[in-house]
Each structure stands twice: as structure tokens, then as C-alpha cells.
Amino acid sequence: NISGRTNVVTVTPWLAPIVWEGTFNPLIVDSIYKPMHLSIATTVFAVGKYVRFLRDFLETAEKHFMVDFKVHYYIFTDRREDVPAVVLAPGRNVTIIPVPGSNRWQEISSRRMEMIQTAIENQIGKEADYIFCLDVDTKFHGRWGAETLSRLVATIHPGYYEQTHEHYPYERRPASRAYIPAGEGDYYYGGATIAGYVRDVHKLTKYCREQLEADAANSIEAAWQEESHLNRYLLYNKPTKILSPEYLWQDFKAKNNEVQIIRFSQVNKNYAEVRPNVKKRK
Ligand code: UD2
């Protein structure tokens, strides 16, 4: 009862599945994972004006994200008073973690690695089996369920899944710790969705934090900040499961033949209006 897919690649050269609609049976997946009573931590940062994206993120997550699982949202924000009260299903709850603001969006995006690392050490590591680290300027539109669980999970960036690795925006300057030499690379992974066992995501965030700090000490910032370091980490620490761009789309992109369902998508945003400083978007 699985249709199979012939127009997309569904397995990596190291035999990790690439999850697309038609490659899994949700009933079988749910019957395996739901009885395990897993605890799922979900981190989301809403710093500065990005707090405005939280309501849609949380409301749509309650409809589509890990439904019937215990989900603990950790909201990192400098605007506690603006966090919306959203009705959560039984077994799901929210913790607010205060973080400082910043006048550089690059710093807010990058410092997530350090803050997630610390939150895992202080709290999440004792509470959760799996963790998802997600961007807030997003909405869920379709099922995101237990088919996404694995030891180390990354998502193919929707902007680059049709391209070959010489076109990926990896960091190409050898001076940066995120450097990936020409001719190397598997996929270009988006920084908006990282997941896995808590201990594996802890290792990843600690590594990226250390590399970001080493670059900063050498006055260099990788092309796409923590996303560049993430891509380097995943080149040498292969993900055990990869999510297709169904799990990370962008509202400004037209749907195409390969993507049969958009499950999670970055909303269109006015960069000049929401960011404390502006840089051309990808
Ligand atoms: C891409 C990545 C993003 C990150 C960034 C790195 C995708 C689809 N997105 O998105 O994950 O790797 O590039 O440069 O892969 N944030 C705030 N307040 C701010 C700015 C950012 O809370 O003022 C948080 C928020 O959770 C946001 C995230 O950081 O979702 C990423 O920032 P972005 O969405 O502005 O980055 P963007 O669109 O370039």
C-alpha cells in the first residue's frame, strides 16, 4: 500500500532514507511510535520582531506537528510579554526561556546553537527523547509525524534540491571553519530544521558553537552563519535520515511536480521590516 516514488531520490549513498510523500505508511509508522510515549522537545526562537510569527507557528503545529505525541515547546525570546496564549492539546506544554536581543540578525540566528546546547545541558537533556529545532517564521500545512524521527535528521534546503553541489552556497573560504572544498558535498541542508536524539543534536550544536566562536576570533563570518557550519558538520557526520523539501518549503516558491504535499513552509516576510539589520535574502 505504498505508492513508491520514481521521480525523486529516496535514499542517500550511505543508505539513509529521504522522506517524501509515498515513501512511508503513516498508519504503520504511528502504530510503531505512538505506543512508545516519547517526549519530543521543540525549540523555537522568537527574538525581537520575530515574536509576531509565534502564534501561527504554534497554532499550525498543534494541528499538524507530532500530533498525539508529548511535545514540549521551548520558546526562546526577549519579549515574554508578547508570547501568545495558544490552546495546546493534552500532554503538550510550553516553557519560555529568556534570551537577550541583538541588533544583528546574523547573531540571533547563530547564537541559537549555543543556547540550544546550554538548554539541553540544563533541562532538555533530562526531559526529552528527541528534539526538533525549528525556525519561527514558518507554518505547518500538513502532517509532520513520527516518520521524521531518527538519530540525526536534516532537511534538504528547498532552494537547492534541484542543483548539484558546485552550486550550493557552502562556505568556500579556507580561512573559515565552515569551509567545504570544491568537489565535496552531499546536499545543501537548511538551517531551519535540525532534529534527532537529544544527545546527537547536543553534539552538533556544541560543534557549531565552537566553530562559530573560532571564526569570530579570526574575524570571519561564514557565508550563511550557523547554516554553513551545520552543512560542514553534516558532510562529515552523515544524517541518519533526511527530510525532503516537503518538510521545508518557502511560500514564495511555486509548488512543483516532485513536491506532492507542502508540510512546513517559511512564510514570506519583509526582511527590511522584521530584521534589526538587513541583508539580501537567498
Ligand atoms: C536561513 C535559514 C535559517 C538560518 C539562516 C542563517 C532556512 C529556510 N532558513 O533563513 O534557518 O540558517 O538562513 O543565516 O533554511 N530570528 C529571530 N529574530 C531575528 C532574526 C532571526 O528570532 O531578528 C530567529 C527566528 O527563529 C528565525 C531564525 O532565527 O526563524 C532564522 O532567521 P531568519 O529566518 O531571518 O533567516 P533566513 O530567512 O535567512
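The rules behind these values
Residues numbered from 1 in each chain as written. Predicted model: local features only at pLDDT ≥ 70, side-chain atom pairs only at ≥ 80, totals over all residues. Heavy atoms only, no water. UniProt positions renumbered as here; feature names shortened; annotations may be inferred. 1 Å grid on protein atoms, 1.4 Å probe; cavity = no way out; pocket = protein on both sides within 12 Å on 5 of 7 lines; lining within 4 Å. Helix = DSSP H or I, 4+ residues; strand = E, 2+ residues; numbered from the N terminus. Buried < 20%, exposed > 50% of the residue type's maximum accessible area, 1.4 Å probe, protein only. Contact = heavy atoms within 4.5 Å. Polar contact = N/O pair within 3.5 Å; in protein donor to acceptor, adjacent residues only side chain to side chain. Patch = residues over 30% accessible without salt bridge, like charges linked within 9 Å, V, L, I, M, F, W, Y side chains within 5 Å. Areas by Shrake-Rupley, 256 points an atom, 1.4 Å probe, with all protein chains shown as cover. Salt bridge = Lys/Arg side-chain N within 4 Å of Asp/Glu carboxyl O. Points joined across faces, edges and corners; volume = space filled by probe spheres on them. Nonpolar A, V, L, I, M, F, W, Y, C, P; charged D, E, K, R; others polar. Disulfide = S-S within 2.5 Å. Near = heavy atom within 4 Å. Sits in = over half its atoms within 2 Å of the grid points.

Caption draft 1: View of the UniProt feature "binding site: Mn(2+)" (unreviewed entry) in the protein. Here, the residues flagged by UniProt with the feature "binding site: Mn(2+)" (unreviewed entry) are Asp135 and Asp137. Residues that both appear in the annotated list above and line the largest cavity are Asp135. Position of aspartate 135 relative to the elements: it lies in the loop between β5 (130-134) and β6 (138-140). We classify aspartate 135 as buried; its relative accessible area is 13%. Residues in contact with aspartate 135, not counting those within four places in the same chain, are Val44, Phe57, Arg112, Gly191, Ala192, Phe264 and Gln266. Topologically, aspartate 137 is positioned in the loop between β5 and β6. On the basis of relative accessible area, aspartate 137 is assigned to the buried category, the value being 2%. Discounting chain neighbours no more than four positions away, the residues touching aspartate 137 are Tyr50, Phe53, Ser265, Gln266, Val267 and Lys269. Polar side-chain contacts of aspartate 137 include one of 3.3 Å to the side chain of glutamine 266.

Caption draft 2: Up close: a nonpolar patch on the surface. On the surface, Ile28, Ile32 and Met36 cluster together into a nonpolar patch covering about 280 Å² of accessible area. Along the chain, methionine 36 turns up in the loop between α1 (26-33) and β2 (39-46). Owing to a relative accessible area of 44%, methionine 36 belongs among the partly exposed residues under this scheme.

Caption draft 3: Looking closely at the pattern of salt bridges. The final tally for this structure, using the stated rule, is 23 salt bridges. Taking the shortest distance from any N to any O, the salt bridge between glutamate 226 and arginine 112 comes out at 3.0 Å. A residue pair is termed long-range when its members are at least 10 positions apart, and glutamate 226 in helix α5 (residues 225-236) and arginine 112 in helix α3 (residues 105-127) qualify at 114 residues. You can call glutamate 226 buried: its relative accessible area is 6%. A salt bridge links arginine 199 to aspartate 200; the nearest nitrogen and oxygen atoms lie 3.8 Å apart. Here arginine 199 falls in the exposed class, since its relative accessible area comes to 61%. Members of the salt-bridge network, linked through shared partners, are Asp30, Lys34, Asp68, Arg143 and Glu147.

Caption draft 4: Expanded view of the layout of surface pockets. One number sums up the size of the largest pocket: a volume of about 650 Å³. Taken together, the elements giving at least two residues each to the lining of the largest pocket come down to β2, α3, β8 (189-197), α5 and α6 (271-274). When residues of the lining of the largest pocket are assigned to their parent elements, the largest contribution, four residues, is made by α3. Of the residues that constitute the lining of the largest pocket, the class distribution is 16 nonpolar, ten polar and 13 charged. Empty space within the second largest pocket amounts to approximately 280 Å³. Taken together, 16 residues line the second largest pocket, and the ones lying closest to its centre are Ser110, Arg111, Leu212, Glu213 and Ala216. Listed by contribution, the elements that provide at least two residues to the lining of the second largest pocket are α3, α4 (198-217) and α5.

Caption draft 5: Representation of the state of the cysteines in the model. Across all of its chains, the model carries zero disulfides by this definition. Lacking any disulfide linkage, cysteine 133 is separated from the closest cysteine sulfur, that of cysteine 208, by 11 Å.

Caption draft 6: Structural view of the site of the ligand. The immediate surroundings of the ligand are formed by 26 residues, with Phe45, Tyr50, Asp137, Gln225 and Glu226 found nearest. One of the side-chain N or O atoms of glutamine 225 is found 2.5 Å from an oxygen atom in the ligand. Mapping the ligand onto the cavity grids shows that it belongs to the largest pocket. Residue assignment for the shell around the ligand shows that the elements contributing at least two residues are β2, α3, β8 and α5. Tallying contributions element by element places α3 first for the shell around the ligand, with four residues. Here the residues of the shell around the ligand sort into twelve nonpolar, six polar and eight charged.

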